[in-house]
Amino acid sequence: NDIRLVFDALKYRTSFISDVEIRKAHNWGAAVRYRFSGADTISYVASLSSTCTKCLQTANDAIRLDSISFDDIIPHHPGCNCTMQVIIKLRDKNN
């Protein structure tokens, strides 16, 4: 019975690790796509549920796409529901 608990714990751990890494890879692809489309900055929008300290610290900060790393990409933790948004600078009408 104890061995079953170990495998249940491993099943849970592999499930949340794969969830985080798949969503992180998806968001990394989106960040690369934004950069190739001409955007230079993104920000994170903290979710109203399951918001951790790191999410609160990085929410609404401008993150430059030319210096972003995979570790900077959300989700930062299992159950993270934060989202990423691209920041688009409007061009001056005179330019």
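The text that follows walks through the structure, step by step, so that each part is easy to find. Bear in mind the structure is a predicted one, so any value in this text is a computation, not a measurement.

### Notes on the overall build of the protein
Scanning the protein from terminus to terminus reveals two helices and three strands. The buried share of the protein, reckoned over its 95 residues, is 25%. With the model as given, the accessible surface of the protein reaches about 7,000 Å², and the carbon-plus-sulfur share is 56%.

### Considerations on the layout of surface pockets
Roughly 190 Å³ of internal volume is contained in the largest pocket. Gly38, Ala39, Asp40, Ile88 and Lys89 are the residues nearest the centre of the largest pocket, which is lined by 10 residues in total. When the residues that make up the lining of the largest pocket are grouped by side-chain class, the tally is five nonpolar, two polar and three charged.

### Structural notes on the sheet that holds strand β2 (residues 63–64)
In a beta sheet, neighbouring strands pair by backbone hydrogen bonds and run either parallel or antiparallel. Strand order across the open sheet formed by three strands is β2-β1-β3, with antiparallel pairing between neighbours. Every other strand in the sheet has two partners, leaving β2 and β3 (83–87) as the edge strands with one partner each. Bridging between strand β1 (residues 41–45) and β2 involves two bridges; their strand directions are antiparallel. The partner of Thr41 across the bridge, within β2, is Arg64.

### Concerning the nonpolar core
Counting 14 residues, the largest nonpolar core has Ile42, Tyr44, Leu65, Ile68 and Met84 as its most contacted members. Put simply, the parts of the chain that give this core at least two residues each are α1 (2–36) and β1. Ignoring any residue separated from it by four or fewer positions in sequence, one finds Tyr44 in contact with Thr58, Ala59, Asn60, Asp61, Ile63, Ile68, Asp72, Ile73, Ile74, His76, Thr83 and Met84.

### Here we look at the environment of Val20
Of note, Val20 is situated in helix α1. Owing to a relative accessible area of 9%, Val20 belongs among the buried residues under this scheme. Taking the C-alpha atoms as reference points, Val20 and Pro75, separated by 55 residues in sequence, lie 6.2 Å from one another. Look past the residues within four positions of Val20 in its chain and what remains in contact with it is Pro75, His77 and Pro78.

### Brief notes about the packing of aromatic side chains
Scanning the entire structure with this criterion turns up one aromatic pair. With a centroid separation of 5.9 Å and 70° between ring planes, the pair formed by Trp28 and Phe70 is classed as edge-to-face. In this pair, Trp28 sits in helix α1 while Phe70 sits in the loop between β2 and β3, placing the two residues 42 residues apart along the sequence. One residue, Lys24, lies across the ring of Phe70, its end atom 5.6 Å from the ring centre.

Thresholds applied
- Counting starts from 1 at the beginning of each chain's written sequence and moves along it residue by residue.
- In keeping with the model being predicted, local features are shown solely for residues with a pLDDT of at least 70 and side-chain atom pairs are shown and tallied solely at 80 or more, while totals for entire chains, interfaces and linings include all residues.
- Note that water and hydrogens are dropped before the side-chain values are worked out from all heavy atoms of the structure.
- Secondary structure counts use DSSP, requiring at least four H or I residues in a row for a helix and at least two E residues in a row for a strand, with both numbered from the N terminus.
- Buried means the residue's accessible area, taken with a 1.4 Å probe over protein chains only, is under 20% of the maximum for its type, while exposed means over 50%, and partly exposed covers the values in between.
- The method behind every accessible area is Shrake-Rupley, applied with a 1.4 Å probe, and residues are considered shielded solely by the protein chains displayed.
- Within this scheme a cavity is a closed region of a 1 Å grid, computed over the protein atoms alone, that accommodates a 1.4 Å probe without allowing it to escape, whereas a pocket is open but has protein on both sides within 12 Å along at least five of seven lines; lining residues each have an atom within 4 Å of a point.
- Grid points are joined across faces, edges and corners, and a volume is the space filled by probe spheres set on the points.
- Here the term charged refers only to Asp, Glu, Lys and Arg, the term nonpolar to Ala, Val, Leu, Ile, Met, Phe, Trp, Tyr, Cys and Pro, and the term polar to all other amino acids, Gly among them.
- Here a strand pair is declared whenever DSSP counts at least two bridges between the two strands.
- Nine residue types can take part in a nonpolar core, namely buried Ala, Val, Leu, Ile, Met, Phe, Trp, Tyr and Cys, and a core is a set of them joined through side-chain atoms within 4.5 Å.
- Throughout, a contact is declared for two residues whenever any of their heavy atoms are within 4.5 Å.
- For Phe, Tyr and Trp, rings pair up if their centres lie within 6.5 Å, where Trp contributes its six-membered ring, and each pair is then called stacked (planes under 30 degrees apart), edge-to-face (over 60) or tilted (otherwise).
- To sit over a ring, a charge needs its Lys NZ or Arg CZ within 6 Å of the ring centre and within 35 degrees of the ring normal.

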